[in-house]
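# Coordinates in review
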Number of protein chains: 4
Amino acid sequence: MNTFGRIFRVTTYGESHGCGIGCIVDGCPSGLGLTLDEIQTELDRRKPGNSPVSTQRKESDLVEILSGIFEGKTLGTPISMMIRNIDADSTKYSEIADTPRPGHADLAWKDKFSYVDFRGGGRASGRETASRVAAGAVAKKLLKESGVEVIAYTKEIAGIKAGIKAGDYGISDVEGLRQLVYKSVVKTPDKKQEKDMLTTILTAKKEKDSVGGIIEAIAFGVPPGLGEPVFDKLDADLAKALMSIPSIKGVEIGSGFEAAGKRGSEANDSFMIDDGQIRSRTNHAGGILGGISTGMPIVVRVAVKPTSSIGKKQQTVNLKEMKETTIEIKGRHDPCIVPRAVPVVEAMMALVLADHGLRTGFIPRRLL
Amino acid sequence: MNTFGRIFRVTTYGESHGCGIGCIVDGCPSGLGLTLDEIQTELDRRKPGNSPVSTQRKESDLVEILSGIFEGKTLGTPISMMIRNIDADSTKYSEIADTPRPGHADLAWKDKFSYVDFRGGGRASGRETASRVAAGAVAKKLLKESGVEVIAYTKEIAGIKAGIKAGDYGISDVEGLRQLVYKSVVKTPDKKQEKDMLTTILTAKKEKDSVGGIIEAIAFGVPPGLGEPVFDKLDADLAKALMSIPSIKGVEIGSGFEAAGKRGSEANDSFMIDDGQIRSRTNHAGGILGGISTGMPIVVRVAVKPTSSIGKKQQTVNLKEMKETTIEIKGRHDPCIVPRAVPVVEAMMALVLADHGLRTGFIPRRLL
Amino acid sequence: MNTFGRIFRVTTYGESHGCGIGCIVDGCPSGLGLTLDEIQTELDRRKPGNSPVSTQRKESDLVEILSGIFEGKTLGTPISMMIRNIDADSTKYSEIADTPRPGHADLAWKDKFSYVDFRGGGRASGRETASRVAAGAVAKKLLKESGVEVIAYTKEIAGIKAGIKAGDYGISDVEGLRQLVYKSVVKTPDKKQEKDMLTTILTAKKEKDSVGGIIEAIAFGVPPGLGEPVFDKLDADLAKALMSIPSIKGVEIGSGFEAAGKRGSEANDSFMIDDGQIRSRTNHAGGILGGISTGMPIVVRVAVKPTSSIGKKQQTVNLKEMKETTIEIKGRHDPCIVPRAVPVVEAMMALVLADHGLRTGFIPRRLL
Amino acid sequence: MNTFGRIFRVTTYGESHGCGIGCIVDGCPSGLGLTLDEIQTELDRRKPGNSPVSTQRKESDLVEILSGIFEGKTLGTPISMMIRNIDADSTKYSEIADTPRPGHADLAWKDKFSYVDFRGGGRASGRETASRVAAGAVAKKLLKESGVEVIAYTKEIAGIKAGIKAGDYGISDVEGLRQLVYKSVVKTPDKKQEKDMLTTILTAKKEKDSVGGIIEAIAFGVPPGLGEPVFDKLDADLAKALMSIPSIKGVEIGSGFEAAGKRGSEANDSFMIDDGQIRSRTNHAGGILGGISTGMPIVVRVAVKPTSSIGKKQQTVNLKEMKETTIEIKGRHDPCIVPRAVPVVEAMMALVLADHGLRTGFIPRRLL
């Protein structure tokens with residue numbers, strides 16, 4: 001199942017070392033101004049090869065729009081976007097055809113499909129997420145038109161915490177925050193901690209190892225009423241969207257796991273009237289109650305596991321000979337995937353909000 | 001959207017203080033032996049009024065099966081199950097019609113639907129989860145026929161951790177584990193910690209407050225290959241299913257958030273050959289790689305927030321007069337929802353696995 | 001798959017001789033005034049046992065609403081409706097367990113599910129359509145609030161054509177037309193032809209045979225813009241909805257099969273300006289172009305095959321002994337199902353239009 | 001909604017005069033041998049510019065496969081196929097921007113989307129069906145592997161009937177039949193009637209007019225048990241699939257509308273034992289009873305309206321000036337769309353059968 005969403009729907013395709021990757025965005029309202037540049041900008045934020053902490057694979061990730069846009073505006077028809085694979089170096093992958101890499105989907109994929117494209121992880125590769133970012137760029141533009149902004153950033157790398165709290169920011173700070181994040185090599189707005197994070201990543205890299213981290217994302221400007229109980233709750237759909245990103249092992253909303261240790265009197269957000277509007281004093285709920293947005297900022301966090309591809313020697317098995325062996329992964333890979341996952345988290349959150357915005361009628365089916 | 005699943009599909013209905021609640025299970029294979037008792041047993045595990053840590057509302061929760069079963073076997077047609085509401089005491093709820101309870105969906109629900117049944121939280125009530133448990137009972141029976149067992153238990157209450165690790169158990173221990181869990185008033189297999197947990201809950205109750213906790217669930221016997229990348233990954237669908245349960249604020253798979261602080265060499269599960277079978281030495285992945293089951297036990301944890309209904313005075317607003325006020329919630333409620341959420345977690349996990357089992361072909365479309 | 005619709009969704013359940021039948025309507029906007037009587041009235045139009053041309057099974061078909069309505073208005077939550085089976089006489093069905101009835105789904109159903117409830121056709125019985133009518137009643141009320149009226153009637157029975165053309169009527173005539181139709185024992189507005197139709201049916205009945213016919217349905221007041229190309233076109237969804245009714249073997253829109261013999265210059269509807277509005281002079285398109293409603297009345301016709309249950313001796317096989325045999329169907333059945341299918345056609349058309357009305361935003365997600 | 005199917009799913013994109021068109025086929029089992037040639041062959045059967053009865057637009061319709069296939073076999077991942085638009089001549093379309101063509105979707109589309117790509121009908125163009133044919137080629141290959149063959153042909157053009165009955169053929173005749181059909185300029189296997197059909201089309205063309213017709217399609221080798229009552233019945237899904245093809249105004253199964261005039265004793269297909277197998281003597285049911293395939297050949301017919309684009313002067317309105325005017329359509333168009341619709345009907349039927357084959361488990365989720 002490579003389709004996500006109910007009204008605003010994305011279908012992605014593509015293997016890491018095939019001809020190309022891409023997606024179809026279906027259900028985007030007509031009349032939305034959208035340029036190739038807006039898509040490309042988002043892709044550039046995710047693309048590999050531009051930092052010491054990412055893989056050396058060079059992909060220009062140039063996107064082409066094949067349909068759905070006419071004279072700079074969406075038609076309400078499917079928007080097909082394609083990115084050709086350029087720098088796919090498959091030479092180092094032949095050995096993994098029969099020796100599954102620990103932490104990777106190689107073996108599970110083979111168990112499921114029998115016949116697989118092992119080169120670079122095939123479709124299980126993180127490269128697939130470029131399609132999500134392209135689709136997310138459309139969602140983000142649509143949300144922006146409706147006053148909604150989504151921003152994600154590195155909250156923690158290898159235990160090093162950025163000094164930033166979701167509550168510190170408002171919708172007017174988004175642009176500045178985004179500048180900070182995308183200037184940062186590790187995609188954190190905390191310039192002080194950035195250095196430590198970077199050092200930790202490079203140390204791990206040197207030791208042929210990898211590290212993980214935590215990404216936080218906030219959506220500002222989401223009105224009350226998004227989310228469709230009892231199963232398509234907004235938090236449920238966010239959890240699914242985020243957990244479907246490669247390497248994510250946990251998702252939490254608002255206080256998340258911390259809430260489990262609190263008392264009700266601490267965890268509840270009491271209501272107040274502020275400038276004629278009802279809002280809550282705190283936002284432990286992360287902007288969602290009963291699966292429905294409350295009007296407060298929506299706050300989520302995801303746990304990113306350390307990159308599975310490491311140079312260190314690991315135990316595995318040779319599938320053909322059915323005997324134990326070891327593997328030292330060569331190929332090119334990111335010692336820490338967190339920075340490159342940041343725009344993917346943003347994209348997936350935007351996809352969920354655009355879809356629910358349309359489902360609820362908050363976003364109209366056509367823009368005039 | 002009150003339907004969950006793609007092939008094994010559940011649609012639930014019902015308000016807390018309406019005529020009744022229930023569900024339709026569609027897509028269950030024909031030929032599955034299924035009795036009313038098997039459903040009722042699961043419902044009894046969730047039903048209120050049977051312990052000092054739960055609400056005093058007495059609901060016998062007697063289920064009636066209206067269709068889909070003929071002479072003790074499923075027909076492959078929709079199984080309709082209904083539970084009438086008996087002990088709905090709506091008298092204490094009139095006051096909340098205009099003063100939304102902090103932590104509850106009252107206001108969000110009103111923002112979304114305008115016209116609401118405020119009595120007992122209406123459809124946002126935890127009572128809705130009884131329908132999930134009834135549906136889950138069908139899924140669990142179906143899974144059992146295919147050698148899959150799902151078990152959940154209280155892992156932590158108010159910071160008090162049960163001395164149990166997912167890895168301690170195998171499929172042969174499930175029945176014993178289940179006995180331990182369902183004999184426990186807080187639904188934990190750790191008899192030692194149970195007492196502290198109970199005391200903590202009762203203290204909170206006395207202080208008109210509430211506590212939260214963590215539930216862990218394990219599925220044994222799931223074969224490799226379940227999960228449909230890239231969006232309907234097994235972990236993604238589990239995350240959605242679990243996050244859709246009222247009061248859940250976080251979901252993690254395997255090592256979860258802990259993985260964010262580890263190195264790749266620690267977090268990866270290396271492969272070995274054990275008794276002619278490939279398995280991993282450790283199970284940090286929680287039985288899922290690349291969104292596909294690996295054959296190892298599937299391990300998830302959810303964070304349950306403290307019950308939102310508390311007797312303590314809280315700040316809120318009067319919606320009619322649009323001015324701030326306070327509320328002391330009366331009604332009947334659980335000081336800790338964790339124990340009663342245990343069978344719900346089990347049910348939702350079973351629903352996901354039954355659905356993916358059918359999607360993948362692991363569970364046949366008819367049992368002969 | 002017993003669910004129909006994308007936003008306005010109906011899930012039905014129930015076997016002909018089980019405990020009961022019913023449905024859940026999910027996705028109906030909140031705030032719609034809806035009474036039990038409005039549902040019951042529609043069910044009474046379909047219920048058996050009230051005329052010489054229908055089965056003698058007496059079912060009061062009393063519907064109970066279990067959820068989704070509070071003080072006379074819909075809540076936006078699932079509306080669960082249940083009808084208990086009363087007069088299910090299973091005695092005459094034991095013989096068909098092993099000798100499939102020609103024209104019936106007995107054998108196909110057995111081939112598919114292996115384990116079946118053979119009594120009265122189980123879920124393949126026309127009785128299942130009562131659930132559709134109950135759900136359709138909700139859809140019709142919702143459409144009426146938005147100015148849309150759906151009406152169906154018998155157009156032809158056994159080749160005897162009613163003297164009525166879709167183009168003869170406008171939205172202001174609907175109430176009168178409905179009166180005519182539902183006063184008629186064969187559900188035709190043509191009083192002159194009614195007698196012949198009735199005679200023909202009774203003759204067939206006497207000869208232990210059955211007849212078929214054609215039903216036409218019109219929707220007035222549908223605005224331009226409903227329908228979601230390229231697959232969920234309005235005519236495509238209508239075709240599916242109508243073809244899913246038992247005994248329907250053909251569906252056509254507007255001129256339908258007649259159009260195949262025309263020239264483009266005859267079949268095209270030219271545009272004109274009428275009272276400041278663009279409309280077409282003719283309506284060969286049946287109100288749908290390119291899968292999208294044009295604002296003209298939507299006109300469909302379905303072919304109803306003669307009732308498969310006939311008393312005449314027919315060739316069949318004994319499944320146990322695997323040898324040819326004959327069958328004379330006893331049970332109770334309609335010599336012509338057309339009149340009782342009329343409200344079902346109306347219901348299915350209403351379900352499609354309500355769903356597309358919501359999808360397009362023509363019908364709001366909540367009524368204030 | 002540009003996605004069709006539940007397990008075998010097709011999403012199409014593209015405007016007639018945009019950059020290109022194409023589709024993603026998701027849910028195809030892994031391990032299916034599939035070459036570019038097999039797709040191209042099907043596309044060549046539909047492509048324009050190769051006969052006196054079709055438009056003069058020259059499109060080579062060369063397809064490129066971007067993903068989902070590795071070394072000649074499917075991976076079980078999305079198969080993305082793209083066709084670039086080459087010979088799009090938009091010059092003649094500027095005038096239709098404001099004067100909707102009778103019989104076309106121009107006005108309905110504008111009413112729905114407001115912002116449209118009017119060039120060549122945009123996405124409402126028949127060109128969109130090339131994507132369906134590409135997807136259908138995959139479905140046909142998959143079906144063939146399971147012993148199912150789908151064949152469609154022109155049954156009637158402008159009232160001239162081909163002397164062929166569905167019952168005349170068996171599965172062993174398919175290849176020969178296909179040869180006959182695809183050699184024929186009007187895609188009919190009846191060489192005698194072909195000449196008259198052709199003359200009639202050319203006469204209409206000369207008179208700046210167009211004609212319609214009827215296409216019949218048969219599926220051989222479909223086992224009993226496909227179809228998912230009560231809504232996703234096989235005939236219901238076929239009806240939807242076929243009605244979604246541009247210009248189709250009617251769909252019938254087996255005897256179809258003829259059945260409405262028959263008696264039960266004539267319309268029922270009695271069962272017999274033939275060579276140890278149960279089959280029916282006749283096939284009025286068209287291979288489907290109760291929405292489930294019976295094992296007999298599946299027979300459908302569709303009514304194709306005459307091409308809406310005609311050179312004759314027609315009445316329309318000028319949208320800008322809101323006054324009546326006339327139009328003489330220039331552009332390039334088919335005087336009879338029936339022959340080019342034949343492979344599209346085949347494709348859509350194949351898509352439905354592949355999907356239901358997978359849903360039922362008749363087609364496995366992976367081919368070894």
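Preceding block: the structure.
Below, the structure is looked at part by part. (Residues numbered from 1 in each chain as written. Chains lettered and ligands numbered in written order. Predicted model: local features only at pLDDT ≥ 70, side-chain atom pairs only at ≥ 80, totals over all residues. Heavy atoms only, no water.)

## Focus: the overall build of chain A
Worth spelling out the cut-off: Secondary structure elements are taken from DSSP: a helix is a run of H or I of four residues or more, a strand is a run of E of two residues or more, and numbering for both begins at the N terminus. Atoms counted for the radius of gyration: C-alpha only. Globule rule: 2.2 Å times the number of residues to the power 0.38. For each residue, the accessible area found with a 1.4 Å probe, counting protein chains only, is set against the maximum for its type, and the residue is called buried under 20%, exposed over 50%, and partly exposed in between. In what follows, residue pairs with any heavy atoms lying within 4.5 Å of each other are defined as contacts. Charge counting treats Lys and Arg as positive and Asp and Glu as negative, with His and both chain ends excluded. Where a charge sits is defined by one atom per residue type, namely NZ (Lys), CZ (Arg), CG (Asp) or CD (Glu).
For chain A, the count of helices and strands is eight helices and 19 strands. Relative to the compact-globule value of 21 Å for 368 residues, chain A shows a C-alpha radius of gyration of 21 Å, a close match. If you line up chain A on its principal axes, its C-alpha atoms span 70 × 50 × 40 Å. For chain A, with 368 residues in total, the buried portion stands at 67%. Long-range pairs, those at least 24 residues apart, make up 73% of the contacts in chain A with a sequence separation of at least 6. Here chain A carries 51 positive and 46 negative side-chain charges, and the mean point of each set is 2 Å from the other.

## Quick notes on the interface of chain B and chain C
Selection criterion: Put simply, buried area is the surface a 1.4 Å probe can reach on two separate parts but cannot reach once they are joined, added for both. Salt bridges are defined as contacts in which a side-chain nitrogen from Lys or Arg sits within 4 Å of a carboxyl oxygen from Asp or Glu.
Taken together, the contact pairs 45 residues of chain B with 45 residues of chain C. By the criterion of area lost to chain C, the three top residues of chain B are B:Leu66, B:Phe70 and B:Tyr115, representing 20% of everything that side buries. At the boundary of chain B and chain C, one finds two salt bridges. Among the salt bridges present, the one from B:Arg84 reaches C:Glu64, with a minimum N-O distance of 2.8 Å.

## A short note on the pairing of strand β17 (residues 298-304) of chain C
Residue and element names in this part refer to chain C. Keep this limit in mind: Two strands make a pair as long as DSSP finds a minimum of two bridges between them.
Taking burial as the measure, the seven residues of β17 include seven buried ones, the bulk of the element. Residues Ile-298, Val-300, Val-302 and Val-304 line one face of β17 and the alternating positions Val-299, Arg-301 and Ala-303 line the opposite face, and both faces are buried. Of the pairings in the sheet, the one linking strand β11 (residues 213-220) to β17 comprises seven bridges and is antiparallel in character. Its bridge partner being in β17, Gly-213 is matched across the sheet by Val-304.

## Brief notes about the interface of chain A and chain B
To keep it simple, the criterion reads: In protein, a polar contact means a hydrogen-donor-capable atom and an acceptor-capable atom, both N or O and within 3.5 Å, with residues adjacent in sequence counting only if both atoms are side-chain atoms; elsewhere, any N or O pair within 3.5 Å suffices. Each residue gets one of three labels, nonpolar for Ala, Val, Leu, Ile, Met, Phe, Trp, Tyr, Cys and Pro, charged for Asp, Glu, Lys and Arg, and polar for the others, Gly among them.
On the chain B side, the residues contacting the 102 residues of chain A number 102 residues. Surface buried jointly by chain A and chain B totals about 7,800 Å² across both partners, of which 63% is contributed by carbon and sulfur atoms. Per-residue buried area on chain A facing chain B is highest for A:Met1, A:Phe231 and A:Lys249; these three make up 11% of the total on that side. Run the count over chain A and chain B and you get twelve salt bridges. The interface formed by chain A and chain B includes 49 residue pairs in polar contact (both at pLDDT 80 or more). Here the residues of the side of chain A that touches chain B are counted per class, giving 46 nonpolar, 29 polar and 27 charged. Where strand β12 (residues 248-253) of chain A meets strand β12 (residues 248-253) of chain B, three bridges bridge the pair, whose relative direction is antiparallel. Bridged to A:Val251 within β12(B) is B:Val251.

## Overview of the packing of aromatic side chains
Quick note on the threshold: The pairing test for Phe, Tyr and Trp rings, Trp by its six-membered ring, is centres within 6.5 Å, and the orientation test on the planes gives stacked under 30 degrees, edge-to-face over 60, and tilted for anything in between. A ring has a charge above it when a Lys NZ or an Arg CZ is no more than 6 Å from the ring centre and no more than 35 degrees off the ring normal.
Summed over all chains, the structure comprises 18 aromatic pairs over all chains. A ring pair is formed by B:Trp109 and B:Phe113, whose centres lie 4.9 Å apart and whose planes are at 40 degrees; its orientation type is tilted. With B:Trp109 and B:Phe113 both in helix α2 (residues 106-113), this residue pair falls four residues apart, about one helical turn. Each member of the pair B:Trp109 and B:Phe113 is classed as buried. Of the aromatic side chains, those joined through ring pairs into one cluster are A:Phe70, D:Tyr115 and D:Phe118. In this arrangement the basic side chain of D:Arg45 is found over the ring face of D:Tyr182, its NZ or CZ atom lying 4.3 Å from the centre.

## Overview of the sheet that holds strand β4 (residues 30-33) of chain A
Residue and element names in this part refer to chain A. The antiparallel open sheet is built from three strands, whose spatial order is β4-β7-β6. Strands with a single pairing partner mark the edges of an open sheet, and in this sheet they are β4 and β6 (69-70). Bridge count between β6 and strand β7 (residues 73-75): two bridges; the pairing is antiparallel. Bridge pairing in β7 places Ile-69 opposite Thr-74.

## Remarks on the relation of the copies chain B and chain C
Short version of the rule: Copies overlap after least-squares fitting; the atoms used are the C-alpha atoms of residues with pLDDT of at least 70 in both.
Between chain B and chain C, the superposition needs a rotation of 180 degrees and an axial shift of 0.0 Å, giving an RMSD of 0.0 Å. Accordingly, the operation relating the two chain copies is best matched by a two-fold axis. Counting the interface residues of chain B, we find that 100% of their copies in chain C are interface residues as well, pointing to one common contact surface.

## Thoughts on the relation of the copies chain A and chain B
Relative to chain B, chain A is turned by 180 degrees and slid 0.0 Å along the rotation axis, the superposed coordinates differing by an RMSD of 0.0 Å. When the interface residues of chain A are mapped onto chain B, 99% of them are again interface residues, pointing to one common binding face.

## What about the side chain of B:Arg359?
Structurally, the position occupied by B:Arg359 is in helix α8 (residues 338-360). A polar contact is formed between the side chain of B:Arg359 and the side chain of B:Asp232, at a distance of 2.8 Å.

## Remarks on the environment of C:Pro224
Secondary-structure assignment places C:Pro224 in the loop between β11 and α6 (234-243). In this structure, the C-alpha to C-alpha distance between C:Pro224 and C:Leu289, residues 65 residues apart in sequence, is 10.0 Å. Apart from the residues within four sequence positions on either side, C:Pro224 is in contact with C:Ser293, C:Thr294, C:Gly295 and D:Asp111.

## A closer look at the sheet that holds β17(C)
Let me state the cut-off plainly: Note on geometry: axes are lines fitted to C-alpha atoms, helical ones only across the stretch in contact, with angles between N-to-C directions running from 0 to 180 degrees.
Taken in spatial order, the ten strands of this open sheet run β10(C)-β9(C)-β11(C)-β17(C)-β12(C)-β12(D)-β17(D)-β11(D)-β9(D)-β10(D), and their pairing is antiparallel. Taken across any chain shown, the strands that pair with only one partner, and hence form the sheet edges, are β10 (160-161) of chain C together with β10 (160-161) of chain D. The sheet strands contacting helix α8 (residues 338-360) of chain D are β9 (149-157), β11 (213-220) and β17 (298-304) of chain D, and the helix crosses β9(D) at an angle near 145 degrees.

## Focus: the pattern of salt bridges
This structure, assessed with the given rule, holds 143 salt bridges over all chains. Across the pair C:Glu207 and D:Arg263 runs a salt bridge, and its minimum N-O distance is 2.5 Å. One end of the pair, C:Glu207, is in the loop between α5 (191-206) and β11; the other, D:Arg263, is in the loop between β12 (248-253) and α7 (264-267), on a second chain. A residue is classified by how much of its surface remains accessible, and C:Glu207, at 38% relative accessible area, is partly exposed. For D:Arg263, a relative accessible area of 21% translates into the label partly exposed. Here D:Arg127 and D:Asp61 are joined by a salt bridge, their closest N and O atoms 3.0 Å apart. Note that D:Arg127 is positioned in the loop between α2 (106-113) and α3 (129-145) and D:Asp61 in the loop between α1 (36-46) and β5 (63-65), a separation of 66 residues in sequence. The network of salt bridges with common partners includes A:Glu42, A:Arg45, A:Lys140, A:Lys144, A:Glu149, A:Glu175, A:Arg178 and A:Glu346.

## Quick notes on the packing of α3(D) against α8(D)
Residues and elements named next belong to chain D. Spelled out, the test is: In what follows, roughly perpendicular refers to angles from 65 to 115 degrees, roughly parallel to angles under 35, roughly antiparallel to angles over 145, and oblique to any angle outside these ranges. Note on convention: the crossing is left-handed when the near helix lies turned anticlockwise from the far helix by less than a right angle, right-handed when the turn is clockwise.
Running from N to C, α3 and α8 point in directions that differ by 50 degrees, and their axes come no closer than 7 Å. What the angle tells us is that α3 and α8 run oblique. Crossing of α3 over α8 shows left-handed handedness. In contact with Thr-129, Arg-132, Val-133, Ala-135, Gly-136, Ala-139, Lys-140, Leu-142 and Leu-143 of α3, α8 contributes Pro-343, Val-344, Glu-346, Ala-347, Met-348, Ala-350, Leu-351, Leu-353, Ala-354 and Leu-358. For the contact of α3 with α8, a count of residues per class yields 14 nonpolar, two polar and three charged.

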